[in-house]
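Breakdown of the fold
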Amino acid sequence: MIVTIDGVAASGKSSVSSGVAQALGVPYVSSGLLYRAVTLLGLEAGADLAQPGALLPLLSGVRLEPLASGNRVWNAVHDLTADLHSTRVDTGVSVVAALPEIREWVDAQLRALPAPLVAEGRDMGTNVFPHAPHKFYLTASPRVRAERRARERPEDIPAIEAALTERDRQDTTQSAPAPDARIIDTGPLTLQGVIDTILEHLR
Ligand SMILES: Nc1ncnc2c1ncn2[C@@H]1O[C@H](COP(=O)(O)OP(=O)(O)OP(=O)(O)O)[C@@H](O)[C@H]1O
Ligand SMILES: Nc1ccn([C@@H]2O[C@H](COP(=O)(O)O)[C@@H](O)[C@H]2O)c(=O)n1
């Protein structure tokens, strides 16, 4: 079984997917972490993030370890996970994610993972796992998402909101919900409320 949970930036995909996966006793996969890892390695190498030829050679040791408790991304023996959610990675990741060669590489990593799993991202239900039997798409207003993210990062809410809105714009191409996805506005719901809503649909 594969459950896909897509949605816009900071809509709660990772937190919700982790909760659903733990309730189901299966791993969850955070596809965004792979795009973030490519971006981080590109930044650290001083590479042009718009050049796939400069990025692909950096990826030979990269692998995603999907655990029900949370994903880890390794570059050979180096755990990159702690450095993947930074403002500099947020700023560059959409440039990287726009590259077909990088999307092809990420898609291959994801499809090589064994089911059952919960997969979260932007295009899990449309492109990576189009035949998944259970698809969900999370939304919330930019302001609500910024307020939630502000609890994680010492930045002001208007600045976060502007950055999220810009990332939504840059991600438009790959972020449309699948026609058969259930769309959930998470604004009025608690995190547990979103998890419970999805679990109810899976019963
Ligand atoms: N329904 C909710 N109510 C309150 N807080 C929430 C809700 N959903 C998620 N959060 C909180 O909002 C923040 C962002 O959630 P999360 O990181 O899961 O979003 P995301 O979509 O994975 O973000 P990104 O796209 O940046 O990876 C987290 O602090 C999370 O705990
Ligand atoms: N399936 C996906 C997942 C992510 N992206 C790109 O990666 C960025 C980071 O994703 P997060 O879920 O960690 O925020 C995101 O802004 C997209 O640019 C993607 O294209 N497809």
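Described below are features of the structure shown in this document. (Residues numbered from 1 in each chain as written. Chains lettered and ligands numbered in written order. Predicted model: local features only at pLDDT ≥ 70, side-chain atom pairs only at ≥ 80, totals over all residues. Heavy atoms only, no water.)

With that settled, the discussion passes to the sheet that holds strand S8 (residues 182–185). Across the sheet, which stays open at both edges, the five strands sit in the order S2-S6-S1-S7-S8 with parallel pairing between neighbours. Whereas interior strands pair on both sides, the edge strands pair on one side only; in this sheet they are strand S2 (28–30) and S8. Each strand of the sheet is rotated relative to its neighbour by a mean of 20°, with strand direction disregarded. Inspection of the sheet shows S2 paired to strand S6 (residues 117–121) by three bridges, in the parallel sense. Residue pairing across strands places Ser30 opposite Glu120, the latter belonging to S6. Relative to the sheet, helix H2 (residues 31–45) contacts S2 and S6, its axis offset from that of S2 by approximately 35°. Along the sheet, helix H9 (residues 191–202) contacts strand S1 (2–7), strand S7 (134–139) and S8; its crossing angle with S7, the most-contacted strand, is approximately 160°. (Pairing = 2+ DSSP bridges. Helix = DSSP H or I, 4+ residues; strand = E, 2+ residues; numbered from the N terminus. Axes fitted to C-alpha atoms, helices over the stretch in contact; angles between N-to-C directions. Contact = heavy atoms within 4.5 Å.)

Let us now look at the site of ligand 1. With respect to spatial proximity, 21 residues lie near ligand 1, and among them Lys13, Ser14, Ser15, Arg149 and Leu189 are the closest. Within the backbone of Ala10, a nitrogen or oxygen atom sits 3.0 Å from an oxygen atom of ligand 1. Within the contact set of ligand 1, an oxygen atom lies 3.1 Å away from a side-chain nitrogen or oxygen of Glu152. With the chains in place, 85% of the 640 Å² that ligand 1 exposes on its own is no longer accessible. Looking at the shell around ligand 1, the elements that each hand over two or more residues are helix H1 (13–24), helix H7 (142–150) and H9. Looking at the shell around ligand 1, the element that brings in the most residues is H1, giving three residues. By residue class, the composition of the shell around ligand 1 is six nonpolar, seven polar and eight charged. (Near = heavy atom within 4 Å. Polar contact = N/O pair within 3.5 Å; in protein donor to acceptor, adjacent residues only side chain to side chain. Areas by Shrake-Rupley, 256 points an atom, 1.4 Å probe, with all protein chains shown as cover. Nonpolar A, V, L, I, M, F, W, Y, C, P; charged D, E, K, R; others polar.)

On to the site of ligand 2, then. Ligand 2 sits among 16 residues. The nearest are Arg36, Arg103, Arg167, Asp171 and Gln174. Contacts to ligand 2 include Arg36, whose side-chain N or O atom sits 2.7 Å from an oxygen atom. Contacts to ligand 2 include Ser94, whose side-chain N or O atom sits 3.4 Å from an oxygen atom. For ligand 2, whose unbound accessible area comes to 440 Å², protein coverage reaches 97%. Put simply, the parts of the chain that give the shell around ligand 2 at least two residues each are H2 and helix H4 (87–97). Ranked by residues supplied to the shell around ligand 2, first place goes to H2 with four residues.

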